[in-house]
There are 2 protein chains.
Amino acid sequence: MSKLVGLIFISFVVLLSACSSSEATVSMSLSIEDAMNIRKKSNELPLLEKSINTMEAEVNALMAQEIDVPVPRDAGGGYTHERHKKNGAAIYQAATLYQVTGDEKYADFATDLLLKYAQLYPQLGPHPQHKHQAAGKLFWQILNDAVWLVYVIQGYDQLQAVLTEDQKSIIETNLLHPYVKYLSVDSSETFNKVHNHGTWAAAAVGMTGLVLGNQDYVDIALKGSDKSGNSGFLKQIDSLFSPDGYYTEGPYYQRYALMPFVVFARALDRVQPQWEIFKYRDGVLLKAIYACINLSYNNRFFPLNDAIKDKGLDTIELVHGVDIAYALTKDPGLLAIAENQNQVIVNGDGLLVAQGIAAKQKKDFIFKSILYRDGAAGDEGGVAVLRSNNAESALVVKAAGQGMGHGHFDRLGFLYYDHGTEVISDYGAARYLNVVTKRGGIYLPENKTWAKQSIAHNTLVVDERSHFNGKLAKASETSGQVTFFSGKLNALTASEKNAYPGVTFERTMGLIHTTLLDSPLLIDIMKINSSEKHQYDLPFYYNGQLTFISGKPEIAMNRMETLGEDNGYQHLWNKGQLSVDNSTTQLTWLNGNRFYSLNTLLPSDGEVIFAELGANDPEFNLRRENALVLRQADRSDAYFVSVIESHGEYNGVKEYTLQPTSNVASLSHQMEQDASLLFVNLVGGGRIVIAKADEVDASLQHTLSVSGKTYEWQGHLAVFEEATNESE
Amino acid sequence: MSKLVGLIFISFVVLLSACSSSEATVSMSLSIEDAMNIRKKSNELPLLEKSINTMEAEVNALMAQEIDVPVPRDAGGGYTHERHKKNGAAIYQAATLYQVTGDEKYADFATDLLLKYAQLYPQLGPHPQHKHQAAGKLFWQILNDAVWLVYVIQGYDQLQAVLTEDQKSIIETNLLHPYVKYLSVDSSETFNKVHNHGTWAAAAVGMTGLVLGNQDYVDIALKGSDKSGNSGFLKQIDSLFSPDGYYTEGPYYQRYALMPFVVFARALDRVQPQWEIFKYRDGVLLKAIYACINLSYNNRFFPLNDAIKDKGLDTIELVHGVDIAYALTKDPGLLAIAENQNQVIVNGDGLLVAQGIAAKQKKDFIFKSILYRDGAAGDEGGVAVLRSNNAESALVVKAAGQGMGHGHFDRLGFLYYDHGTEVISDYGAARYLNVVTKRGGIYLPENKTWAKQSIAHNTLVVDERSHFNGKLAKASETSGQVTFFSGKLNALTASEKNAYPGVTFERTMGLIHTTLLDSPLLIDIMKINSSEKHQYDLPFYYNGQLTFISGKPEIAMNRMETLGEDNGYQHLWNKGQLSVDNSTTQLTWLNGNRFYSLNTLLPSDGEVIFAELGANDPEFNLRRENALVLRQADRSDAYFVSVIESHGEYNGVKEYTLQPTSNVASLSHQMEQDASLLFVNLVGGGRIVIAKADEVDASLQHTLSVSGKTYEWQGHLAVFEEATNESE
């Protein structure tokens, strides 16, 4: 293959475009003034200096090797894939280093690489490893090609002053223009997609237009190939974010998608400020950066939909996002995030952040309870994030749209974090990113057979079938609905009417602070309506080791079988079950140094199934996770009523254990015509009462009497505390 | 029960002893001079100040409550248990705080507590919750009673100046003397045990003798009830440590046992220095403190035998040990450990440590490869610790004595650590310390049925039976033997002749640095000799997710059964197996951000079994752990030859993966009459050759020729590097 390189190179040097970039333009990414300021001030700005040093170390390591611009051969994780990624980044990094250090070796290196690519590119056809994704030329999927150009064009931008006209001509003619053509014309389907792959392509093409002074490129990037505005960057901003800045694919892809949005927008803002792109649609791009930050716990994104759990606020996309947002807003809370990122982008925005931190202007970033509406119009449900007062706990409920192809069938599913860790967790994606021995690092078969299925989530599963029978098209037609959200009560109600024909379910959840308990109590009331009888399963994927079970389960001792046949059930081992008798069932586990108790009220024919992930897993692709599956069979209308308490401490070093049992003694649930009361009876006497009306109208008054005691409240939900258990 | 308290208290105030403590004595634990120095200097010594503040916070929290000295009722983890522990510590802490702050409220509080105990103690019989351990009075086992007195007598020591004669008389007559009598006379069996329970009792009684000026107590503590020296503290020093300072129960209990040894010894050294106790037996107590430090990785002790994995160098026992050792040696490496502990003991020794750290005298503690011989005479095998040059990796091989009742049947088992974490691990103990809902926090049934069994360890299991058929008495008669140890080669050979009648096995392991690989290679050559045919199993308990298997295993898809019936096998699920064909089998897993590959050479009828812990576990007592079990059935003489490589990097945040596959292409093993060659053939060409003679004699010359290439070496083991693979 390598024989191809260098073949009749000269014949490709043809003027493909009349545009010339020789006139002076405003730099898209790093102005000369900023570069000079960075050069002068970086030694007083530790974070900036560190970021430059890291960049230098990486580029120097690459410069110490032979330049290698190989003929593309490998899929993700393979040598040519990683090498082209590295080379692309190096063009940007070396050009930046030239600007901020003045050292010409960096300019020479970036130029050499660019010329090598100008030599290689014209000879390339579609990548040999392309699969069902659109093929790139340098990479197996065109997405990576677009990403590559976003970096490289920034490097090219910064090399303008040192490149000869001949070099520019070669690079533009043999690399940049054909590259843009491949992205925007030959791959117009991807280019015009309203999807993050389309955004990367738009950013690559648009930024190239800004640098080359090619308005045509800028216009098709902003408004699609036909410049109608039915596709392109502006349409993507319109469609892919909700009015609150939520990206419909979920936080993991929001992070990924964010990069081309904010980097292209910032470039556009510098070169063609007339677009006022950061004010576009009520400033939704800034909202999107904040949403990304808010959709995280302990520095990691909530792994909704297809998500790799490693990703968090320290990813490079968020470094860009935070630096840009700070430059635009000067919000001192962002400096706390930036400090945690321990890195800034080496440009004017990063300079401002480093200066802000050095000047000790940082304030805590306040994580608050917040509802992110989904859908372009904000009417496709949403993701609710409830945080405890000190932000030590977080409860996340997803009642949003499907989230396109990476969406999971998880309507009204939840995640619960406490004491820095996942307590009730979502599996995320079944994928080992870039690990070639795991099917080349792409999504594994178990992503479909397990991770996307409803039973893989902490939500209702009816008759062992996934929501919408696992059909994306059907699921994409509707969304969950958040009918009530109160940051003050720290609670919400969401409902789902479409996942199962004839079955509606509604979930009221809260992270309720009371004076009776030290920690907020997680409340979970799932109400199911159906005229037909069904089997209802509600799993809780707990992390940790069970330390207490009220009652004696029947456990699979010598032999284990799967919990079901299909829809994800085939991946769960049935470890046993606990039959329940209409009293409160209590299950306690130890997670790290903290105990958690699930208290739940099931009818007398209900059971708790102990399930473990890992069946039908011939390639060991699945992690071992454990669930408590609450089951009610042969029911029409039904409730699942549960309370999770965080309590106690296990200290193995100092050898003590505090409060290893729940403070909740029992639950009782009083259901009336159009309202209900959940009594959480505490061990030491006293109780917490959750009063809930079916109506969500905030103005309505409700009254309910139980055992001679009357509860009156206004609106959908109320919490009463009783220091002693008066009526029992 | 509480009505008993306070009953006719006055009638118990009877002079039981003629001894009086009213004459001035040298303080056992904190001299007036040290207390004054601490008072003056602590605000310049952050570590000391922090330790005092912590102590103050704990005591103030207890003082803010009502004093409670409850009638003993609960087992470990229960209220009265924890309260008495807390009260005992508080007597010591408050008395210390009085000395170092001069604040009389602390003296009053400690005095009040002591008087309350003097009131309660005479009324107590054996603890109601006592089980098969000897009963205490305040606690369910007498061990805890002894520990309590070790703290309390130090507190009493420091209160001498403020207590009235009447108070002293009450406390000594009603509490201290009867307490000593219960420990030493009524519970003489425990007191005279050569075992850590005996050491705690000896320390409690001996330290009480030092404070009360009762030489009789000191003498029986040092030489046993009959003062013959056949039992007691000196005998314990003679018997329980090897000449290298290794404690036969292993690091977890070494840490625990260390406390009474060093605290009593330090007290004795101050009051009766004529014993020269720290020079006793060639300074073995100091060696024991160093052994404890060396038997750890990343701050956690190697979990050999019954061990809770949380325990490490920051436990209070080691804080005592390190402070004492520093006071005696001024070794600046100990300051690094102390700094990591982030705490000092509030006495003269802690003052010295805090001063050393404040004066920046700290140096790195150097963890080196070391062999700890076991047995009082040092002839009962040992525990070998091999570390990589940078101490990033550690290989631990146990070929020691059984380790008494807490010993596991794990002859020639190993543990492997790398990049800060367990890679091949030992289960430790099946126990949730102090978690009352887990059978009161004591050792669980699975400790015997699983954790102690041979199959729970990374060592040879013959015919699915544990070493010595799991019989402690038989196992205690002999030990493994370390026949070769070289810190230079970083390798050892150990052998075991008694675990199975008619079968001997020998294991050569190393953590071998070469110029051909970045990381040291773990070498494992297990040689088995038997005239009869057997089934041989060799498990590797790996941590992480399998990412590559050479060959196609048959996996249990819908149904799983146990791997065996008994001896721990009943707790393992058989997830499937890979049949092998005499070529190199390769299994790679991802652990954190690092890949590990087990390369192994099995005969053509061999197999790799994928096993997962958790069968026959009705109370969810077992953690989910995974093993690769290498199996050869129907063999007499046999070899297991394996190499584990640490390689590559997975970076989910920055989205790259390096070297996810092993650098080892294949293994071959050339066995001759009395020597063998293991060829580790590398992917890039080149190979590493491990030459091994059966003889361990260091002076013998050996020669072996393979395919025309001759290898010559002296002594048992040699490593050759070949940059290119010359002879194949």
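Everything numeric here is computed off the predicted structure, so don't read it as measured data.

A word on the sheet that holds strand β19 (residues 594-601) of chain B. All names here are of chain B. Across the sheet, 8 strands lie side by side as β9-β10-β11-β12-β22-β19-β18-β14; this open sheet has antiparallel pairing. Both edges of this open sheet fall to β9 (481-486) and β14 (545-549), since each of them pairs with a single strand only. Direction aside, the axes of adjacent strands within the sheet are offset by 15 degrees on average. By the bridge criterion, 10 bridges tie strand β11 (residues 503-512) to strand β12 (residues 521-530) in an arrangement that is antiparallel. Residue pairing across strands places Met509 opposite Asp524, the latter belonging to β12.

Right, let's talk about the sheet that holds strand β30 (residues 717-722) of chain B for a bit. Hydrogen bonds between backbone groups are what pair the strands of a sheet, and the pairing can be parallel or antiparallel. Residues and elements named next belong to chain B. Taken together, the 4 strands give an open sheet; going across it, the order is β25-β26-β27-β30, and neighbouring strands pair in antiparallel fashion. Pairing within the sheet leaves two strands with one partner each, and these edge strands are β25 (664-671) and β30. Here the average twist between neighbouring strands, direction ignored, is 15 degrees.

The next subject is helix α8 (residues 196-212) of chain B. Residue and element names in this part refer to chain B. Helix length check: α8 (17 residues) gives 24 Å between terminal C-alpha atoms against 24 Å at 1.5 Å per residue, within 8%. Burial analysis of α8 places 17 of its 17 residues in the buried class, which makes it a mostly covered element. Phi turns positive, to about 65 degrees, at Gly213, one or two residues after α8.

The residues that UniProt annotates with the feature "domain: Alginate lyase" (unreviewed entry) are residues 73-290 of chain A. As annotated, residues 73-290 of chain A comprises 69% helix and 0% strand, and the C-alpha atoms at either end are separated by 39 Å.

Chain A puts 57 residues into the contact, and the matching count from chain B is 57 residues. Between chain A and chain B the total buried area reaches about 4800 Å² when both faces are included, carbon and sulfur atoms providing 53% of it. One can count 8 salt bridges joining chain A with chain B. Across the pair Glu655 of chain B and Arg255 of chain A runs a salt bridge whose closest N-O atoms are separated by 3.8 Å. At the junction of chain A with chain B, the criterion picks out 37 residue pairs in polar contact (both at pLDDT 80 or more). Elements that contribute at least two residues to the side of chain A that touches chain B include exactly α3 (79-101), α11 (251-271), β14 (545-549), β16 (559-562), β17 (572-579), β20 (607-613) and β24 (656-658) of chain A. Here the residues of the side of chain A that touches chain B sort into 26 nonpolar, 14 polar and 17 charged.

Our next topic: the nonpolar core. Of all hydrophobic cores here, the largest spans 130 residues; its most connected members are Trp148, Tyr156, Leu175, Met207, Phe233, Phe264 and Ile277 of chain B. Sort the elements by how many residues they give to this core and helix α11 (residues 251-271) of chain B lands first, with 13 residues. When sequence neighbours within four positions are dropped, the list of residues in contact with Trp148 of chain B reads His84, Gly88, Ile91, Tyr117, Leu138, Phe139, Leu175 and Tyr179 of chain B. Core analysis: the second largest hydrophobic core is formed by 128 residues, Ala221, Ala307, Val322 and Ile324 of chain A among them.

Looking now at the domain arrangement of chain A. Residue and element names in this part refer to chain A. According to the domain assignment, chain A contains domain 1 (370-662) and domain 2 (663-728). Placing the centre of domain 1 and that of domain 2 at their C-alpha centroids yields a distance of 25 Å. Between domain 1 and domain 2, the residue contacts involve 31 residues of the former and 23 residues of the latter. Both sides of the domain 1 and domain 2 interface together cover about 2200 Å² of buried area, and 69% of this is carbon and sulfur. Considering only the side of domain 1, the residues that lose the most area to domain 2 are Leu516, Ile525 and Tyr639, jointly responsible for 21% of the buried surface there. Counting the contacts that link domain 1 with domain 2 gives 2 salt bridges. Here Lys692 and Glu506 are joined by a salt bridge, their closest N and O atoms 2.7 Å apart. At the surface where domain 1 touches domain 2, the tally comes to 9 residue pairs in polar contact (both at pLDDT 80 or more). Taken together, the elements giving at least two residues each to the side of domain 1 that touches domain 2 come down to β9 (481-486), β10 (491-500), β11 (503-512), β12 (521-530), β18 (584-591), β19 (594-601) and β22 (638-647). No other element matches the 6 residues that β22 contributes to the side of domain 1 that touches domain 2.

Let's shift gears to the relation of the copies chain A and chain B. What connects the two chain copies is a rotation about an axis and a shift along it. When chain A is brought onto chain B, the operation consists of a screw motion whose angular component is 180 degrees and whose axial shift is 0.0 Å, with 0.0 Å RMSD remaining. Given the turn and translation reported, the copies of this chain are related as if by a two-fold rotation axis. Rotation axis and chain A: the residue whose C-alpha lies nearest the axis is Met560 of chain A, separated from it by 2.5 Å.

The next thing to look at is the pairing of β18 of chain A. Residue and element names in this part refer to chain A. Burial analysis of β18 places 8 of its 8 residues in the buried class, which makes it a mostly covered element. Neither face of β18 is exposed, since Thr584, Gln586, Thr588 and Leu590 on one face and Thr585, Leu587, Trp589 and Asn591 on the opposite face are all buried. Sheet topology places β14 next to β18; 4 bridges connect them, and they run antiparallel. Within the sheet, the bridge partner assigned to Ile549 lies in β18 and is Leu587. Two elements, β18 and β19, share 8 bridges in a ladder whose sense is antiparallel. Counterpart to Trp589 in the pairing with β19 is Tyr596. With antiparallel pairing between neighbouring strands as the criterion, β18 and β19 make up a hairpin whose turn holds 2 residues, including Gly592 at a positive phi of roughly 65 degrees.

As a further point, take the packing of aromatic side chains. For the coordinates displayed, the defined rule picks out 46 aromatic pairs over all chains. An angle of 20 degrees between the planes, with centres 4.8 Å apart, marks the rings of Tyr121 of chain B and Tyr179 of chain B as stacked. Remark: Tyr179 of chain B occurs in helix α6 (residues 165-186) and Tyr121 of chain B occurs in the loop between α4 (104-120) and α5 (142-159); sequence separation between them is 58 residues. Residue Tyr121 of chain B shares its accessibility class with Tyr179 of chain B, and that shared class is buried. Centre to centre, the rings of Tyr416 of chain B and Tyr596 of chain B are 6.3 Å apart; their planes meet at 85 degrees, and the pair counts as edge-to-face. You can see Tyr416 of chain B sitting in strand β6 (residues 413-418) and its partner Tyr596 of chain B sitting in strand β19, a full 180 residues away along the chain. Grouping residues by exposure puts Tyr416 of chain B and Tyr596 of chain B together as buried. An aromatic cluster of three or more residues is present, and its members are Phe233, Phe241, Tyr247, Phe261 and Phe264 of chain A. Over the ring of Tyr427 of chain A we find Arg623 of chain A, and its NZ or CZ is 4.0 Å from the ring centre.

Calculation rules
- Residues numbered from 1 in each chain as written.
- Chains lettered and ligands numbered in written order.
- Predicted model: local features only at pLDDT ≥ 70, side-chain atom pairs only at ≥ 80, totals over all residues.
- Heavy atoms only, no water.
- Pairing = 2+ DSSP bridges.
- Helix = DSSP H or I, 4+ residues; strand = E, 2+ residues; numbered from the N terminus.
- Axes fitted to C-alpha atoms, helices over the stretch in contact; angles between N-to-C directions.
- Expected span 1.5 Å × (residues − 1).
- Buried < 20%, exposed > 50% of the residue type's maximum accessible area, 1.4 Å probe, protein only.
- UniProt positions renumbered as here; feature names shortened; annotations may be inferred.
- Contact = heavy atoms within 4.5 Å.
- Buried area = accessible area lost by both parts, 1.4 Å probe.
- Salt bridge = Lys/Arg side-chain N within 4 Å of Asp/Glu carboxyl O.
- Polar contact = N/O pair within 3.5 Å; in protein donor to acceptor, adjacent residues only side chain to side chain.
- Nonpolar A, V, L, I, M, F, W, Y, C, P; charged D, E, K, R; others polar.
- Core = buried A, V, L, I, M, F, W, Y, C linked by side-chain atoms within 4.5 Å.
- Domains from an automatic or database assignment.
- Least-squares fit on C-alpha atoms with pLDDT ≥ 70 in both.
- Phe/Tyr/Trp six-rings, centres within 6.5 Å; stacked < 30°, edge-to-face > 60°.
- Lys NZ or Arg CZ within 6 Å of the ring centre and 35° of its normal.

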